[in-house]
Structure formats: C-alpha cells, structure tokens
Amino acid sequence: MRRLVPVVVALTLAACDLQQLQEQAGQGVALKEGLEAAEKAGRPPALTPEAVDERAELLAVLARPPARAMPRLGALRQTLEASFLLEADGEREVALDEKLELRHDAKGQYALRHDNTSWSAEDREARGGRACWWVDGRFYTARAQGPATEVPVRAYEQERCLESATEPFVGLLRLLGGHLVTSPGVPTEVAGRKALRIALTRDGVAQPPTSQVPLAWPPGDAGVESAAIYGPRPPLVELHARPREMKGEVILDVETGAVLAGEIQGALVVRKANRDATLQLRAKLVAEPLDVAITPPEGARVYGPRQRVFEDRRALLGEVFKKREKVQLPKPGDAPPLRLGATEDDVVPPEGEGEAGAPDDGDPPAEGTPR
C-alpha cells in the first residue's frame, strides 16, 4: 500500500496538469478568435458608389494605410509610371520620370522596385533607384546598384516602404484633392477584385496663381517646434500652384478601399521671379494578378555595426597603445628662419667643417698641399 501512494499522487498531479493545459489551450483559442473578431469589427465597411461621391469622403479613403489592406488583396502586381516636366518661357527646366513595381501576396509579403531618372538645366541627367523586400518576417533594402542588406525592424520600416509604393499617385491625388470634383463610383473589376471606378475632373474655372513661389523661404512661425531649418511648411505646389488642366480616374477595391489602379494627368501653373512656369504631370497605376512567389533577394548582406578601427586597435594592444609616447609636432619658430636672396657667406657651416686652415670639399687644394 505504501508503494502505491506515490503512484497515485503522480497520476493525480499529471491529471491536474493535463486539465490545466487544456484550459490554457482553450483560452488561447478564445483569445485568438477574439482578436480576429475585434480586428474584423474595426475594419471600415465595404465601399458603395455613394460612399465616395464626395471629395472629402474620397480623401478619407485615400488616407487609409496600405499595409493593413494589402494581405486581403491577395497576390497582385502593381506597376506605377509617373512623369513630371516643368517648363518656363517655352524651355525645359526640370524633368522627372519614375517607375515602380510592387509585388505582394496574401501573406503580407512584398517586393518593391523603384527607379527614377531626373534632369535639370543645371545638373543634367541623373539616375537613381531603390528596392525593399518584406519576406518571412525579414526586411531588406538596396540601392539602385549593389547588393541588398537585411536590416532590423525598429519602427515599422517595412510598412513605410510599402506605403511609398503608390505615393507618386495617391500622394498626388491627396495634394490636388482640393481642386478635384469626384463622381459616384461605377462598379467594375480589376485583377479579379470587385472595385469602384471614380472619375476625377478639375474644380471650376482655371485661376492664375495668387502668389509667387518665394526666392527664399522665410523662417517658421514663432513658437512652432520643428527640427527643420526653416520650420514646418506645406508643399510649394499646394500653396502657390493652380491647376490649368486636370482629369483622370481612380479605382478603389470595394472590400478594403485600397487603390488598385488609376490615372491622372494635367498641368499646374506656378509663378516665380515674375516668370510663369507650367508643370506637366501624368501618373498611371495598373494592377494584374501575380503568378510568382515573393522571394528574398539573392546574396543579401546582414546589417552590422561599422568597424571601429581605433577601438579595435586599443582592444588588441591594450596598455601598450595607451602608454605609447606621443610624437610632438613642431611648434611655431622651431624651424630655422628662411631669408630670400641668401649667399654662400650667409650659410653657417656645420660644426667641424669650414674652420680656418681646413679647405672645404668643394674648394680646390692649395698648391703643394697633399690630398
């Protein structure tokens, strides 16, 4: 009987542990379901044609973060091409061409490639670009040339890079939203997704610029805290440009409100230094189903701190490096004075040379003097 007591106690404890694990598992499942339900309840409702027929309502939809909607869109490839040309007095001043390709899947993974070509009357042509990936919970970045680098995520960098994928188009709509008129959405379908097509037109009659672009931006308002040199300010286009022509469309996903495709083109009039200039712009975004997997970049490096040469040398040499005698640099006046037009008589011979009775090496010996 005494031998059975420990066995009974062990079985009882095992049964209690099993029941506790089952309860914890049930609580975990309930917690997961609760989180999913809360997330679903917090999602904006599906779009209707009447929900975006006003300009303010459309701008509110455009302000939604893309990272929240992307996994629900499925596997898509979105390509954006944008061009900007600034002309003054019939001459080209500045030009910019951009091309972005975003590939993303239902897991929230994506790969973005951004290339741009710029030109100006002063700097001529320049090319640049960047890329970023979010694959298997790892974030990579790269420049136009060179390998990619895996960097740690500290402040949702992967979401900010994703939001920049459609910024040349969505940001342009937000910037010019105050000058646009929207129409009720027309049901359509893009890349297998139900969507709404919204036409965009210029608001009212074209007005000339009411103010010129300043030659130098004045300091910010008093009492405004900002890390910028000249204080916070809105974009110059928003303050000083006026649309002369504007038309286009934007296609929104019905379920998420995300921008799937669209196009906008127009011309803005600006004035600076008593000269009128025209900014021609065009941006086009298209979407299509994605049939390839998202993979990390090949040959990616792992981010690490920069090498500290002096700290490494101090660690290796230890006290020898710390107690090494320092070499004193020459002080002012240590070098002998230099005089212009010096002759041989002004040169002081070294000690032991040039004494009386001892001929210099460069003088011929006196007659009868043996060498």
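Here's what I pulled together on the structure shown here.

How each quantity is defined
Residues numbered from 1 in each chain as written. Predicted model: local features only at pLDDT ≥ 70, side-chain atom pairs only at ≥ 80, totals over all residues. Heavy atoms only, no water. Phe/Tyr/Trp six-rings, centres within 6.5 Å; stacked < 30°, edge-to-face > 60°. Lys NZ or Arg CZ within 6 Å of the ring centre and 35° of its normal. 1 Å grid on protein atoms, 1.4 Å probe; cavity = no way out; pocket = protein on both sides within 12 Å on 5 of 7 lines; lining within 4 Å. Points joined across faces, edges and corners; volume = space filled by probe spheres on them. Nonpolar A, V, L, I, M, F, W, Y, C, P; charged D, E, K, R; others polar. Helix = DSSP H or I, 4+ residues; strand = E, 2+ residues; numbered from the N terminus. Salt bridge = Lys/Arg side-chain N within 4 Å of Asp/Glu carboxyl O. Buried < 20%, exposed > 50% of the residue type's maximum accessible area, 1.4 Å probe, protein only. Disulfide = S-S within 2.5 Å. Pairing = 2+ DSSP bridges.

Here we look at the packing of aromatic side chains
Now for step 1: Under the counting rule described, the total for this entry stands at zero aromatic pairs.
Now for step 2: Lying across the ring of tryptophan 119, arginine 92 places its NZ or CZ 3.8 Å from the centre.

Considerations on the layout of surface pockets
Now for step 1: Space inside the largest pocket adds up to approximately 740 Å³.
Now for step 2: For the largest pocket, the lining is made up of 24 residues, of which Leu86, Val94, Val270, Lys272 and Ala277 are closest to its centre.
Now for step 3: In terms of residue class, the lining of the largest pocket is made up of 17 nonpolar, two polar and five charged.
Now for step 4: As for the second largest pocket, its lining consists of 30 residues, of which Arg64, Pro65, Pro66, Arg68 and Ala69 are closest to the centre.
Now for step 5: Contributing elements (two or more residues each) for the lining of the second largest pocket: helix H2 (55-62), helix H3 (66-73), strand E2 (91-104), helix H4 (157-163) and helix H5 (167-176).
Now for step 6: For the lining of the second largest pocket, the element with the most residues is H3, which contributes seven residues.

A short note on the pattern of salt bridges
Now for step 1: Under the definition given, this model contains 16 salt bridges.
Now for step 2: Among the ionic pairs, glutamate 255 bridges to arginine 72, the shortest N-O distance being 3.7 Å. You can see glutamate 255 sitting in the loop between strand E10 (242-253) and strand E11 (259-272) and its partner arginine 72 sitting in helix H3, a full 183 residues away along the chain.
Now for step 3: Given a relative accessible area of 22%, arginine 72 falls into the partly exposed group.
Now for step 4: Between arginine 77 and glutamate 288 there is a salt bridge; the shortest N-O distance is 3.3 Å. Of this pair, arginine 77 sits in strand E1 (residues 76-88) while glutamate 288 sits in strand E12 (residues 275-289), and the two are 211 residues apart along the sequence.
Now for step 5: According to the relative accessible area criterion, arginine 77 is buried, its value standing at 17%.
Now for step 6: We classify glutamate 288 as partly exposed; its relative accessible area is 39%.
Now for step 7: Here the salt bridges do not stand alone but share partners, grouping Arg72, Arg193, Asp253 and Glu255 into one network.

What to know about the state of the cysteines
Now for step 1: Following the criterion strictly, the structure yields one disulfide and no others.
Now for step 2: Sulfur-sulfur distance for the disulfide between cysteine 132 and cysteine 161 comes to 1.9 Å. For the disulfide bridge between cysteine 132 and cysteine 161, the dihedral angle about the S-S bond is near -90 degrees, and by the sign convention the bridge is left-handed. One end of the pair, cysteine 132, is in strand E4 (residues 124-135); the other, cysteine 161, is in helix H4, and 29 residues separate them in sequence.

Some thoughts on the pairing of strand E3 (residues 110-120)
Now for step 1: Here eleven bridges tie E2 to E3, and the two strands are oriented antiparallel to one another. Each bridged residue has a counterpart across the sheet, and for arginine 103 the counterpart in E3 is alanine 111.
Now for step 2: The turn linking E2 back onto E3 is made up of five residues, and glycine 108 within it adopts a positive phi angle of 90 degrees.
Now for step 3: Across eleven bridges, E3 lies against E4 in antiparallel orientation. Looking across to E4, one finds that serine 120 is bridged to arginine 124.

Brief notes about the environment of glutamate 125
Now for step 1: Turning to its location among the elements, glutamate 125 is positioned in strand E4.
Now for step 2: In sequence terms glutamate 125 and leucine 96 are 29 residues apart; their C-alpha atoms lie 9.5 Å from each other.

Side note on empty space enclosed by the protein
Now for step 1: Using the criterion set out here, one finds two cavities of 30 Å³ or more in the structure.
Now for step 2: Taken as a whole, the largest cavity holds about 40 Å³ of empty space.
Now for step 3: Surrounding the largest cavity, Arg55, Leu58, Leu59, Leu173, Gly177, Leu180 and Thr182 form its lining.
Now for step 4: Elements represented by at least two residues in the lining of the largest cavity include exactly H2 and strand E7 (180-182).

A short note on unusual backbone geometry
Now for step 1: Unusually for a residue other than glycine, aspartate 89 sits at a positive phi of about 55 degrees.
Now for step 2: As for its position among the elements, aspartate 89 is in the loop between E1 and E2.
Now for step 3: Its relative accessible area of 58% is what places aspartate 89 among the exposed residues.
Now for step 4: Positive phi, normally seen in glycine, also occurs at tyrosine 156, with a value near 55 degrees.

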